[in-house]
Amino acid sequence: MKERDSESFESLSQVLPNTSNSARMIQMSMANSGSAAPAPAGQDQLDRSKWLLDCPEPPSPWHELKTQFKESFLTKAKKFKSLRKQPLPKRILFFLQAVFPIFGWCRNYKLTMFKNDLMAGLTLASLCIPQSIGYATLAKLDPQYGLYTSVVPPLIYAVMGTSREIAIGPVAVVSLLVSSMLTKLIDPETDSLGYKKLVLTTTFFAGIFQASFGIFRLGFLVDFLSHAAIVGFMGGAAIVIGLQQLKGLLGITNFTTNTDIVSVLRAVWRSCHQQWSPHTFILGCSFLSFILITRFIGKKNKKLFWLPAIAPLISVVVSTLMVFLTKADEHGVKTVKHIKGGLNPISINDLDFNTPHLGHIAKIGLIVAIVALTEAIAVGRSFAGIKGYRLDGNKEMVAIGFMNVIGSFTSCYAATGSFSRTAVNFAAGCETAMSNIVMAVTVFVALECLTRLLYYTPIAILASIILSALPGLIDIDEAIHIWKIDKLDFLALIGAFFGVLFGSVEIGLLVAVVISFAKIILISIRPGIETLGRMPGTDTFADTDQYPMSVKTPGVLIFRVKSALLCFANASSLEERIMGWINEEEDDGNTKSNAKKSILFVVLDMSNLINVDTSGIAALVELHNNLIQNGVELVIVNPKWTVIHKLNQAKFIDKIGGKVYLTIGEALDACFGLKV
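Residues numbered from 1 in each chain as written. Predicted model: local features only at pLDDT ≥ 70, side-chain atom pairs only at ≥ 80, totals over all residues. Heavy atoms only, no water.

**Focus on the pairing of strand S9 (residues 633-637)**
Then, number 1: The element S9 is largely enclosed, with a buried count of four among its five residues.
Then, number 2: Note: strand S7 (residues 601-605) against S9, five bridges, orientation parallel. Residue pairing for S9: Phe601 is matched across the bridge by Glu633.
Then, number 3: Both S9 and strand S10 (residues 660-661) contribute to a ladder of two bridges, which runs parallel. Its bridge partner being in S10, Val637 is matched across the sheet by Tyr661. (Buried < 20%, exposed > 50% of the residue type's maximum accessible area, 1.4 Å probe, protein only. Helix = DSSP H or I, 4+ residues; strand = E, 2+ residues; numbered from the N terminus. Pairing = 2+ DSSP bridges.)

Right, dumping it as structure tokens:
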């Protein structure tokens, strides 16, 4: 008997020359006593395995949903219950601060802060007034609607928003979205009133969607547009907007309503051979150069931040005087002409819910809501990070949603946070959202008193102002950065960019979302599997490709599943790849030596695996059966709570003989001991 045991150890040591300490202890014990007594550590390993097998049942999805609901809503309910003991004034103040953050920061508001906000608000208004007029024309609306949108929404946001720096108003991308999608339903040139009703109704739906995202904590829907997709979409939209402005810059009368680059360039080419205004082109290019030069000076000298901010307003004033004094409007230079002044007119009756296009309007409202929220929250978080405070995403969604709903009642179209104006607001030293209030009041004064003076403002100047704001939307450095980090993300960027450029805004967004989802599916279907080896001098096991110095254990293949889900989409792929590796190892082993079997165990590390479905379990069963046929045993390491529960329910643990361990080291020690 003793001689037979010694022969067994000699043959095992040939296959497994680098066995663990536990295996050596077993060998010494058997050699001395002549019997196969287990090592003292074996009982501890069995006990730790029972921890995994005897764990309680994990919570059901319904229980997790209820827990999330309690965390989201009941914690706030407890706060309200604790307020019952407080005096009535404190309860009212707490409620007002929760709904309207202005009641929180205005209690500590000081005169020095107001001075900074006043300067920032006035600087912001000088940039906002000409940009708002230009963006309204981009949205195919009368110029006053851009000014209306710079009055009511900023006031609502100042009361309900949590960002101190964000500047609210019309933006180029949303204006392009509105005009490019709604003009397919109604032509604004033939039915301006009907088009205006569609714009206001779209704004209403956008606000409802945005507020709902915040109230029901559905902000993850905004994440469907990844950062890379937004960078590509913004870049493509900027080029499309710039091409659209060639109509105003060249003084072209008849222009295409399509937004793709081919249609726009074809329209420009035809117009250049027919009728265009050289005076308009020279005037627009001159002031565009002036605005870009001031922006360059402002970047070089941070103290002159106010110069590029007021450059658009200076351009409007000077060009208006030039047209008025030279009567250039009689020589082909087109002007804005009449702008309706006064306070925002009530537009509740203009909301059209009986239109046959209601379904399309709701869809457009959802797209506008997501794009506007993505831009606003990205802008708000970036500047909040600089200032060192936290932005409440859900409150931001509610604030932006309500400001657009109320804006649709007061002749405003979809508004959001503008990056260029927020940067100006930040550079001007704003302290709170009071700068938005100052800006809104200033724009209102302009609506009351200055609209008549804008009669001779050339349209080419508005085109120049829009063109000057577009370089900030094209982030080449970020595109290069994304290319270096993640090629699939860059593919989504390129898809969105060319989709907008050669298709339409909707196609660009759709391509970006499809590529992003395809990336997720691709990663799921082809889960990463890494072979592990022991790091020299440690008990740590790491990827052999990442750490070439790691040592593989002879006779054992150790795999780690990098996917979080083993499901119908990737289960068969995982089983095939593992069997392929085993066959390769067997072939290599038979080539190098005459040993019958070079692989005795397959250790599957499930520490990254969060869940498994029935297809995944079926694939594991098939893997186990194939291994048994090849004389190889399957060992499971560190399965998560839900995974071990499902494997137990499927009786899979019994099929593999209960070989489940907490760590890879314990699995190797136990398996070598069992083999001995």
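**A look at the pattern of salt bridges**
Then, number 1: In this structure the tally under the stated criterion is nine salt bridges.
Then, number 2: A salt bridge links Asp486 to Lys519; its shortest N-O distance comes to 3.1 Å. With Asp486 in the loop between helix H22 (476-485) and helix H23 (487-502) and Lys519 in helix H24 (residues 505-525), this residue pair connects regions lying 33 residues apart in the sequence.
Then, number 3: Residue classification places Asp486 among the partly exposed positions, given a relative accessible area of 24%.
Then, number 4: Judged by its relative accessible area of 19%, Lys519 falls in the buried class.
Then, number 5: Each member of the salt-bridge network shares a partner with another, and the members are Asp486, Asp489 and Lys519. (Salt bridge = Lys/Arg side-chain N within 4 Å of Asp/Glu carboxyl O.)

**Some words on the sheet that holds S10**
Then, number 1: Taking strand neighbours across the sheet as the criterion, the six strands line up as S4-S3-S5-S7-S9-S10 in an open arrangement whose pairing is mixed. Whereas interior strands pair on both sides, the edge strands pair on one side only; in this sheet they are strand S4 (541-543) and S10.

**Concerning a nonpolar patch on the surface**
Then, number 1: A contiguous nonpolar patch, built from Phe290, Leu313, Ile314, Val317, Val318, Leu321, Met322, Phe324 and Leu325 and spanning about 760 Å² of accessible area, is present on the exposed surface.
Then, number 2: Top contributing element to the nonpolar patch by residue count: helix H16 (residues 306-326), with eight residues.
Then, number 3: Note that Leu325 resides in helix H16. (Patch = residues over 30% accessible without salt bridge, like charges linked within 9 Å, V, L, I, M, F, W, Y side chains within 5 Å. Areas by Shrake-Rupley, 256 points an atom, 1.4 Å probe, with all protein chains shown as cover.)

**Details of the layout of surface pockets**
Then, number 1: Approximately 1600 Å³ is the volume found for the largest pocket.
Then, number 2: What lines the largest pocket is a set of 50 residues, and nearest its centre among them are Val379, Phe419, Ser420, Ala423 and Gly472.
Then, number 3: Among the elements that take part in the lining of the largest pocket, helix H17 (residues 358-387) stands out by supplying eight residues, more than any other.
Then, number 4: Within the lining of the largest pocket, the residues separate by chemical class into 28 nonpolar, 13 polar and nine charged.
Then, number 5: Computed from the structure, the second largest pocket encloses a volume of approximately 1000 Å³.
Then, number 6: In terms of lining, the second largest pocket is formed by 34 residues, of which the most central are Thr137, Lys140, Leu141, Glu189 and Lys247.
Then, number 7: Broken down by class, the residue content of the lining of the second largest pocket amounts to 14 nonpolar, 13 polar and seven charged. (1 Å grid on protein atoms, 1.4 Å probe; cavity = no way out; pocket = protein on both sides within 12 Å on 5 of 7 lines; lining within 4 Å. Points joined across faces, edges and corners; volume = space filled by probe spheres on them. Nonpolar A, V, L, I, M, F, W, Y, C, P; charged D, E, K, R; others polar.)

**Examining the packing of aromatic side chains**
Then, number 1: Evaluated as defined, the whole model comprises 15 aromatic pairs.
Then, number 2: Taking the centre distance of 6.1 Å and the plane angle of 85° together, the rings of Phe205 and Phe353 count as edge-to-face. With a gap of 148 residues between them, Phe205 in helix H11 (residues 192-215) and Phe353 in the loop between H16 and H17 connect regions that are remote in the sequence.
Then, number 3: Judged by its relative accessible area of 37%, Phe353 is partly exposed.
Then, number 4: On the numbers, 5.9 Å between centres and 45° between planes, the contact of Phe383 with Phe419 is tilted. Taken together, the residues Phe383 in helix H17 and Phe419 in helix H19 (residues 419-427) connect sequence positions 36 residues apart.
Then, number 5: Put simply, the rings of Phe204, Phe205, Phe353 and Phe409 touch in pairs and so form one group of aromatic residues.
Then, number 6: Above the plane of the ring of Tyr389 lies Arg164, whose end atom (NZ or CZ) is 4.0 Å from the centre.
Then, number 7: Here Lys487 stacks its cationic end above the ring of Trp483, 4.6 Å away from the centre of that ring. (Phe/Tyr/Trp six-rings, centres within 6.5 Å; stacked < 30°, edge-to-face > 60°. Lys NZ or Arg CZ within 6 Å of the ring centre and 35° of its normal.)

**Here we look at the side chain of Gln144**
Then, number 1: Here Gln144 shows up in helix H8 (residues 143-149).
Then, number 2: Since its relative accessible area comes to 8%, Gln144 is described here as buried.
Then, number 3: Sequence-distant contacts of Gln144, defined by excluding residues within four places in its chain, comprise Ile339 and Lys340. (Contact = heavy atoms within 4.5 Å.)

**Focus on the pairing of S7**
Then, number 1: With five of its five residues buried, S7 lies for the most part within the structure.
Then, number 2: Because side chains alternate across S7, one face comprises the buried residues Phe601, Val603 and Asp605, and the other comprises Val602 and Leu604, equally buried.
Then, number 3: Inspection of the sheet shows strand S5 (residues 556-561) paired to S7 by five bridges, in the parallel sense. Bridge pairing in S7 links Ile558 to Val603.

**Concerning unusual backbone geometry**
Then, number 1: Phi is positive for Lys337, close to 65°, though the residue is something other than glycine.
Then, number 2: Considering the arrangement of structural elements, one finds Lys337 in the loop between H16 and H17.
Then, number 3: Even without being a glycine, Lys651 presents a positive backbone phi close to 65°.
Then, number 4: Following the sequence through the fold, Lys651 ends up in the loop between helix H27 (641-649) and helix H28 (652-655).

**What to know about the nonpolar core**
Then, number 1: Within the largest apolar cluster, 107 residues are counted, with the highest numbers of intra-cluster contacts made by Leu177, Phe233, Val368, Val371 and Leu509.
Then, number 2: Of all the elements, H17 adds the most residues to this core, at 13 residues.
Then, number 3: What Leu509 contacts, discounting residues up to four positions off in sequence, is Leu177, Leu225, Phe233, Ile367 and Val371.
Then, number 4: Leu566, Val612, Leu620 and Ile653 belong to the second largest nonpolar core, which has 33 residues in total. (Core = buried A, V, L, I, M, F, W, Y, C linked by side-chain atoms within 4.5 Å.)

**Re empty space enclosed by the protein**
Then, number 1: Under the definition given, this model contains one cavity of 30 Å³ or more.
Then, number 2: Taken as a whole, the largest cavity encloses approximately 60 Å³ of empty space.
Then, number 3: Lining the largest cavity, in full, are Leu138, Lys140, Leu176, Ser179, Ser180, Thr183, Gln244, Thr257 and Thr259.
Then, number 4: In terms of residues, the lining of the largest cavity owes the most to one element, helix H10 (residues 172-182), which gives three residues.
Then, number 5: Of the residues contributing to the lining of the largest cavity, the split by class is two nonpolar, six polar and one charged.

**A word on helix H12 (residues 227-244)**
Then, number 1: In this model, H12 (18 residues) spans 25 Å end to end at C-alpha, consistent with the 26 Å of a helix rising 1.5 Å per residue.
Then, number 2: Summarising burial for H12: 16 of the 18 residues are buried, a large majority. (Expected span 1.5 Å × (residues − 1).)

**Topic: the environment of Tyr195**
Then, number 1: Mapped onto the fold, Tyr195 is located in helix H11.
Then, number 2: Excluding anything up to four places from it in sequence, Tyr195 contacts Ala139, Lys140, Leu141, Val178, Ser179, Leu182, Thr183, Ile186 and Pro188.

Honestly, that's just the spatial picture; any functional story needs more than this.
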